[in-house]
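# Reading the structure
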Amino acid sequence: EVQLVESGGGLVQPGRSLKLACAASGFTFSNYYMAWVRQAPTKGLEWVASISNRGTTSYHRDSVRGRFTISRDNARGTLYLQMDSPRSDDTATYYCTRLITTVAHFDYWGQGVMVTVSS
Amino acid sequence: DIQMTQSPHSLSASLGETVSIDCLASGGISNYLAWFHQKPGKSPQLLIYYASRLQDGVPSRFSGSGSGTQYSLKISNMQPEDEGVYYCQQGYTYPLTFGSGTKLEIK
């Protein structure tokens, strides 16, 4: 059974740092592209970043590029999102997702982790 | 960026009814279109990918169609567990983008 379990969320002050992690199991992690998708309270879904199966290629949305960094450790089966200089509009539930690589659709989702950016 | 416009914003349906939700892309996306269902407090669930392919485990009353820039999700024989918000998503090009969602309620 595919499982994606996020951790590392919580309250962070604007301008500080936070690192999210996602432990994957039930599939060969190194074969799949992975991604983070977020959802602000009462809002819709928003793609944040994706990373190739080997970690050699990554994509970030414009609003987080230069502040957030997606990475992965295939030996540990773990996906990360380093959040530097977060802003109040980054407040959201962050979902770890697996991508169907050929069509860039999200076929499995974690339960989500809440990140609140506030002083 | 490709914008995804969903309609309607919300709708209500009776049990057993058939409903449709539309998604219009601002540019051609070559069938790289997925549909998701999200229940309150839960993670989204993939229903349809590549416009018309049913994800494993999803009931056959869900179906997808379309091409070019226009796509639709059809739910036949509406069931209570089908309540929630439905999103479309294009996987054709980065940034990956979602529609704003359609809230479906039982009448």
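Each value, and the rule that gives it
- Residues numbered from 1 in each chain as written.
- Chains lettered and ligands numbered in written order.
- Predicted model: local features only at pLDDT ≥ 70, side-chain atom pairs only at ≥ 80, totals over all residues.
- Heavy atoms only, no water.
- Pairing = 2+ DSSP bridges.
- Helix = DSSP H or I, 4+ residues; strand = E, 2+ residues; numbered from the N terminus.
- Axes fitted to C-alpha atoms, helices over the stretch in contact; angles between N-to-C directions.
- Salt bridge = Lys/Arg side-chain N within 4 Å of Asp/Glu carboxyl O.
- Buried < 20%, exposed > 50% of the residue type's maximum accessible area, 1.4 Å probe, protein only.

### With respect to the sheet that holds strand E7 (residues 62-67) of chain B
Residue and element names in this part refer to chain B. Taking strand neighbours across the sheet as the criterion, the four strands line up as E1-E3-E8-E7 in an open arrangement whose pairing is antiparallel. The open sheet is flanked by strand E1 (4-7) and E7, the only strands paired with a single partner. When the angles between neighbouring strand axes are averaged without regard to direction, this sheet yields 20°.

### Concerning the pattern of salt bridges
Oppositely charged side chains can pair when the atoms bearing their charge come close. Residues and elements named next belong to chain A. Evaluated as defined, the whole model comprises 11 salt bridges over all chains. Notably, a salt bridge pairs Glu46 with Arg61, separated by 3.4 Å at the nearest N-O pair. Of this pair, Glu46 sits in strand E5 (residues 45-51) while Arg61 sits in the loop between strand E6 (58-60) and strand E7 (68-73), and the two are 15 residues apart along the sequence. The exposure class of Glu46 is partly exposed, given its relative accessible area of 27%.

### Looking at the environment of Pro8 of chain B
All names here are of chain B. On the secondary structure map, Pro8 appears in the loop between E1 and strand E2 (10-13). The partly exposed category is assigned to Pro8, whose relative accessible area is 31%. A C-alpha to C-alpha distance of 9.0 Å links Pro8 and Ser20, two positions 12 residues apart in sequence.

These results come straight from atomic positions and should not be treated as a statement about function.
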